[in-house]
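One-letter residues, chain by chain:
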Amino acid sequence: MTDADLLARTLSAVWHPCTQMKHLEQAPPLAIARGEGPWLIDPDGRRYLDAISSWWVNLFGHANPRINAALIDQLSRIEHVMLAGCTHAPVVELSERLGQLTGLGHAFYGSDGASATEIALKMSFHFWRNSGRPEKTGFISLKNGYHGETLGALSVTDVALFKDIYAPLLRHSHQAMSPDARLAAPGESAFDYALRAAADLEAHLAEHADSTAAIILEPLVQGATGMAMYAPVYLQRVRELCDQYQVHLIADEIAVGFGRTGTLFACEQAGIRGDFLCLSKGITGGYLPLSCVLTTDSIYAAFHGDATARGFLHSHSYTGNPLACRAALAVLDIFEQDDVIVANRAKAARFTELLAEVVAHPRVRNFRHTGMIWAFDVVDAAPDFSDDFHRRALARGVFIRPIGHSVYFMPPYVIEEAEMRLLAETTLACL
Ligand SMILES: *Cc1c(COP(=O)(O)O)cnc(C)c1O
């Protein structure tokens, strides 16, 4: 199949995500034939550095030999079996290991991030019903928060472009002030601003806690709306408020989990734990769709009993898929064997150094960095800045997609010095 063939056929046969298909006629998608480490390779052999980890899912590179080997081994055993009424070694082992790593347990599986959000929202609501508090049905999320795009997840997502058109289908939820440090008043520290945002949440809870089931948030980094970063003290304060007002905390670590913020899970940096933890994206190293919700023993206990309807009857066909679980186990092995969190610290420090000229560029504002995520905003950005920057970078062999006027880097952890240099130089040239 030639390149031109593939593009014509994708336009007629494939409905691409997050895309106005008419725009795709002018700016055709990049055809990818292979991958290798942090590189995407097109059918003609041209290479593009995957600076955003294929929508934040890839951790250890494309075609990773260790994950490949685990999957090949699993293929010869069992590719899939339903998890209602059956079990298998990969799902048991993965659940035990995630339990040890998070201090939570009772792993419930879905396929995508949005399904994890749905599961956590339903579980929280159902917990309060089972606990004799059926009036606790409301949800709180944060301004500029993102939790996925199925109807329940979209109800707690705050992105007008994705949400407004579907408003008649969505359930109302309250959006509390975002702790985004960029919103601090002149002279106000990120820390003080985070406390002010937490006070806004408290004001809402003081009035509405009785009808509120949970607050859902993205710990440390609000990803989809442009990598907004905030002080960990916000999470500490939210944890205190949730305890005080008897409201669940749902930590959506779908994007920030698995080392993205510099610790295995972002909540560790605030020394707190959610009542629910949602994981996906990096969980399989970007290989297979898998998501997981972990919770506390006491929440789990509220579903336990003789009545079937007291249980959590949610399911997906591919819940706990053995191949996906094996990929996730291989990912956890790599974290352990290569001491990835420690190795990433040195890598992150080096890349930040290499970005010095970018940071000093007159068009760059609000440079920010947490773990393996870097972002900045561009002043005087034209309306088509994001597409334009994307095309210019692509011509230089870098695959990157700014969100509005925010440029961000979220590279696979296998990125090396020369590739970091290319990324920094390309960014400077595109600016
Ligand atoms: C991507 C994302 C989701 C949704 O995950 P999908 O797999 O795209 O459904 C939910 N929450 C956060 C924080 C995300 O970044």
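Since we're looking at a predicted model, the values are computed, not measured.

Calculation rules
- Counting restarts for each chain: residues are numbered from 1 in the order of the written sequence.
- Totals for whole chains, interfaces and linings use all residues, but because this is a predicted model, local features are given only for residues with pLDDT of at least 70 and pairs of side-chain atoms are given and counted only at 80 or more.
- Only hydrogens and water are removed before side-chain values are computed, so all heavy atoms of the structure are retained for them.
- Strands here mean DSSP runs of E at least two residues long; helices mean DSSP runs of H or I at least four residues long; both are numbered from the N terminus.
- The globule rule used here is 2.2 Å times the number of residues to the 0.38 power, and the radius of gyration it is set against is calculated over C-alpha atoms.
- The buried label goes to any residue with under 20% of its type's maximum accessible area, the exposed label to any with over 50%, and the partly exposed label to all in between, with areas taken from a 1.4 Å probe on protein chains only.
- All accessible areas in this document rest on Shrake-Rupley with a 1.4 Å probe, and a residue is counted as covered only by the protein chains that are shown.
- Within this scheme the basic residues Lys and Arg register as positive and the acidic residues Asp and Glu register as negative, but His and the chain ends are omitted.
- Here the site of a charge means atom NZ of a Lys, CZ of an Arg, CG of an Asp or CD of a Glu.
- Contacts are assigned to residue pairs with any non-hydrogen atoms lying within 4.5 Å of each other.
- As used here, the term nonpolar core means buried Ala, Val, Leu, Ile, Met, Phe, Trp, Tyr and Cys residues forming a set that is joined through side-chain atoms within 4.5 Å.
- Domain delimitation follows an automatic or database domain assignment.
- A strand pair is defined by DSSP finding two or more bridges across the two strands.
- Angles here are taken between N-to-C directions and fall from 0 to 180 degrees, while the axes themselves are lines fitted to C-alpha atoms, restricted in helices to the stretch in contact.
- Any Phe, Tyr or Trp ring, taking Trp's six-membered ring, that has another such ring centre within 6.5 Å forms a pair; planes under 30 degrees apart are called stacked, those over 60 apart edge-to-face, and the others tilted.

Novice: Is there a simple way to think about the overall build of the protein in this case?
Specialist: Broken down by element type, the protein carries 16 helices and 16 strands. Over its C-alpha trace the protein gives a radius of gyration of 22 Å, about what one expects of a compact globule, namely 22 Å for 431 residues. Seen along its three principal axes, the alpha-carbon backbone of the protein occupies a region of about 60 × 60 × 45 Å. A burial count over the protein gives 52% of its 431 residues as buried. Here the protein has roughly 19200 Å² of accessible surface; of this, 55% comes from carbon and sulfur atoms. Within the protein, the 48 negative side-chain charges are centred at a point lying 2 Å from the centre of the 35 positive side-chain charges.

Novice: Explain the environment of S211 to me, please; I cannot follow it from the model alone.
Specialist: Position of S211 among the secondary structure elements: in the loop between helix 9 (190–208) and strand 7 (212–217). Along the sequence, S211 and G138 sit 73 residues apart, while their C-alpha atoms lie 5.7 Å from each other. Residues in contact with S211, not counting those within four places in the same chain, are E135, K136, T137 and G138.

Novice: Mind showing me how you'd approach the nonpolar core here?
Specialist: Across soluble globular proteins, nonpolar side chains show a tendency to be buried alongside one another. Counting residues in hydrophobic clusters, the biggest one holds 102 residues, and the most contacted among them are L98, I215, Y234, F335 and I400. Sorting elements by how many residues they give to this core places helix 12 (residues 322–337) first, with 11 residues. Lining this core are residues from two domains, each supplying at least three of them: domain 1 (32–63 + 339–430) and domain 2 (68–337). Beyond its immediate sequence surroundings of up to four residues, L98 is in contact with Y109, F258, L279, I283, C292, L294 and L332.

Novice: Would you take a moment to explain the sheet that holds strand 7 for this structure?
Specialist: By definition, the strands of a sheet pair up through backbone hydrogen bonds, in either a parallel or an antiparallel sense. If you walk across this open sheet you meet the 7 strands as 4-12-11-10-7-5-6, and the pairing is mixed. Whereas interior strands pair on both sides, the edge strands pair on one side only; in this sheet they are strand 4 (105–110) and strand 6 (174–176). Between one strand and the next, the sheet's axes are offset by a mean angle of 25°, whatever the strand orientation. Inspection of the sheet shows strand 5 (residues 138–142) paired to strand 6 by 3 bridges, in the parallel sense. In the sheet register, S141 faces strand 6, and the bridge partner there is Q175.

Novice: What am I meant to see in the packing of aromatic side chains here?
Specialist: Any two aromatic rings considered together are summarised by their centre-to-centre distance and by the angle between their planes. Enumeration over the complete set of coordinates arrives at 14 aromatic pairs. Aromatic side chains F60 and Y413 sit 5.8 Å apart centroid to centroid with 80° between the ring planes, which places their arrangement in the edge-to-face category. With a gap of 353 residues between them, F60 in the loop between helix 3 (53–56) and helix 4 (65–75) and Y413 in the loop between strand 16 (406–409) and helix 16 (417–430) connect regions that are remote in the sequence. We classify F60 as buried; its relative accessible area is 6%.

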